[in-house]
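# Descriptive analysis of the structure
For reference, the chains in residue letters:
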Amino acid sequence: MVMDVKKNFHQTHSKVAVITGANAGIGFTLAERLLKANHKIRLCLACRNYDKGQAAAKALKESSPDVDIWVVLLDTSSVESVYAASKAIKERYDHIDYLYLNAGMMKVTGVDWHYFWKGLFSSRVFFMFTTGEGLLKQEDNVTNDGLQNVFQTNVFGHYVLIKELEDVLGNLSGKPDGTSQLIWTSSSASLEHKFDIEDFQHKKGNDPYSSSKFAMDVISVGLNSRMNKFNIFSHAVCPGLVMTNLTYGILPQWFWTLSLPLLWLLRFFVPSMTSTTDNGSEALLWLSQQNPSALDPQSKFLSEVSVLNKPFVATKQMNIDPDKAERLMQELDRLDLSLRARYKK
């Protein structure tokens, strides 16, 4: 199913958008596009590096000097940071319309070049480029909270953030008609067979990034079951293969430059080769312009491009078991309670 980003648009005033990981990449481009769509929107850039966040805010203000942009220090790999940021956010805003759960990390230590060359000349070439499965060697470490870093940064930190901000979301904020959207930046690397509910932190596996992205999709579905009655709606987005600092951290820039002709060729077959952050943010922007109650909670929204580089939004059915989603959230709730007991005495 293909959707036009220009449809269903309505000018809104004094909307509030909080974007994690907003100082660069897709998060920064999304902030730019939100401002262009509605110059009266209030933006919160939630960044783990405060100076970079301030630099991003300054850059945004160059084209929109009168906009309300605020930077808050937020590191999703630390629950204490999430607690502090959430408190500051609630002191500034009495309602959040869009909560973009965009921050993420993946630590790559190398590439399986044998797999790469073998896959390059096989029928798996499209799958290899879109998901990275089997191609990248990853490593993980443990945070100061005692959790797996990729899991905490990509998934759990955002889950705690949502819980901390509940009383300024939807009609829980005291506004009877208040509506909020939780919008997760997922990935085409979200693969169910990489995720194990018995090892949801992915302590034993070798693909923590893929596991974390599938966990995002599962949680997004589960949050709808819990929170739609409060006018809080959750959806997952796949930005496609975008050239960002994260991408260049996987393989050097020269590799992507040499691969550019191949990536353009793959566009004939794989529309998720979005390449630019502008293209990759298409579905994220599109969701902000929709009535979230009319969207299927089991749909994943994909930023894609035509062969002529025209961006569009497509959908993919996830078919996630609601019981599995609820079980995962119960596990995260227990983990959340244990950390609250440690830090919120």
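To keep things clear, this report deals only with the structure shown in the data block. As the structure is a computational prediction, the values presented were derived from the model and not from experiment.

## Let's talk about unusual backbone geometry
Of all residues except glycine, most have a negative phi; of all peptide bonds, most are trans. Positioned with a positive phi, histidine 202 is a non-glycine residue whose angle comes to about 60 degrees. Checked against the element boundaries, histidine 202 lands in the loop between strand 8 (180-185) and helix 7 (208-227). Unusually for a residue other than glycine, asparagine 231 sits at a positive phi of about 65 degrees. The residue asparagine 231 is located in the loop between helix 7 and strand 9 (232-238) in this model.

## Structural notes on the pattern of salt bridges
Taken as a whole and assessed by the stated rule, the structure comprises 19 salt bridges. The closest approach of N and O atoms between lysine 15 and aspartate 97, which form a salt bridge, is 3.7 Å. One end of the pair, lysine 15, is in the loop between strand 1 (2-3) and strand 2 (16-20); the other, aspartate 97, is in the loop between helix 3 (79-92) and strand 5 (98-101), and 82 residues separate them in sequence. Overall, the relative accessible area of 22% leaves lysine 15 in the partly exposed class. Under the relative-accessibility criterion, aspartate 97 is labelled buried at 11%. With a closest N to O distance of 2.6 Å, glutamate 164 and arginine 340 form a salt bridge. Linking glutamate 164 in helix 6 (residues 149-164) with arginine 340 in helix 12 (residues 322-343), this pair joins segments that are 176 residues apart in sequence. For the residue pair glutamate 164 and arginine 340, the accessibility class agrees, reading buried in each case.

## Observations regarding the pairing of strand 9
Burial of strand 9 is extensive: 7 of the 7 residues sit out of reach of the surface. A two-sided burial pattern is seen for strand 9, the buried positions comprising Ile232, Ser234, Ala236 and Cys238 on one face and Phe233, His235 and Val237 on the other. The pairing of strand 8 with strand 9 spans 6 bridges and is parallel. Bridge assignment links leucine 182 to a residue of strand 9, and that residue is serine 234. What joins strand 8 to strand 9 is helix 7, and the crossover it makes is right-handed. Judged from the 3 bridges that link them, strand 9 and strand 10 (residues 299-305) form a sheet pairing that is parallel. Within the sheet, the bridge partner assigned to cysteine 238 lies in strand 10 and is leucine 302.

## Thoughts on the packing of aromatic side chains
Considering all chains together, one arrives at 6 aromatic pairs under this definition. The interplanar angle of 45 degrees and the centroid separation of 5.7 Å between the aromatic rings of phenylalanine 195 and phenylalanine 214 together place this pair among those described as tilted. With phenylalanine 195 in the loop between strand 8 and helix 7 and phenylalanine 214 in helix 7, this residue pair connects regions lying 19 residues apart in the sequence. Members of the aromatic cluster, connected to one another through ring pairs, are Phe151, Phe156 and Phe200.

## Overview of the side chain of threonine 29
Here threonine 29 lies in helix 1 (residues 25-37). The class of threonine 29 is buried, set by a relative accessible area of 6%. A distance of 2.7 Å separates polar atoms of two side chains, one belonging to threonine 29 and the other to threonine 277. For threonine 29, the contacting residues outside a window of four places in its chain are Thr277, Asp278 and Ser281.

## Comments concerning the pairing of strand 8
For a regular strand, side-chain orientation follows a simple rule: the groups alternate between the two sheet faces. Burial within strand 8 is extensive, with 6 of its 6 residues counted as buried. The side-chain alternation of strand 8 yields two buried faces, one formed by Ser180, Leu182 and Trp184 and the other by Gln181, Ile183 and Thr185.

## Quick look at the environment of leucine 339
Along the polypeptide, leucine 339 turns up in helix 12. A residue is classified by how much of its surface remains accessible, and leucine 339, at 1% relative accessible area, is buried. Expressed as a C-alpha distance, the spacing of leucine 339 and valine 79, which sit 260 residues apart in the sequence, is 7.8 Å.

## Points about the environment of leucine 182
Structurally, leucine 182 is set in strand 8. For the pair leucine 182 and leucine 169, spaced 13 residues apart in the sequence, the C-alpha separation amounts to 9.4 Å.

## Section: the state of the cysteines
Tallied over the full model, the rule gives 0 disulfides. With no disulfide of its own, cysteine 47 lies closest to cysteine 44 among cysteine sulfurs, the gap being 8.3 Å. Cysteine 47 sits in the buried class, given a relative accessible area of 1%.

## Overview of helix 7
Its 20 residues place the ends of helix 7 27 Å apart at the C-alpha level, agreeing with the 28 Å of an ideal helix rising 1.5 Å per residue. Counted residue by residue, helix 7 has 18 buried out of 20 residues, so it is predominantly covered.

The rules behind the values
Residues numbered from 1 in each chain as written. Predicted model: local features only at pLDDT ≥ 70, side-chain atom pairs only at ≥ 80, totals over all residues. Heavy atoms only, no water. Helix = DSSP H or I, 4+ residues; strand = E, 2+ residues; numbered from the N terminus. Salt bridge = Lys/Arg side-chain N within 4 Å of Asp/Glu carboxyl O. Buried < 20%, exposed > 50% of the residue type's maximum accessible area, 1.4 Å probe, protein only. Pairing = 2+ DSSP bridges. Right-handed = clockwise from strand over helix to strand, strands pointing away. Phe/Tyr/Trp six-rings, centres within 6.5 Å; stacked < 30°, edge-to-face > 60°. Polar contact = N/O pair within 3.5 Å; in protein donor to acceptor, adjacent residues only side chain to side chain. Contact = heavy atoms within 4.5 Å. Disulfide = S-S within 2.5 Å. Expected span 1.5 Å × (residues − 1).

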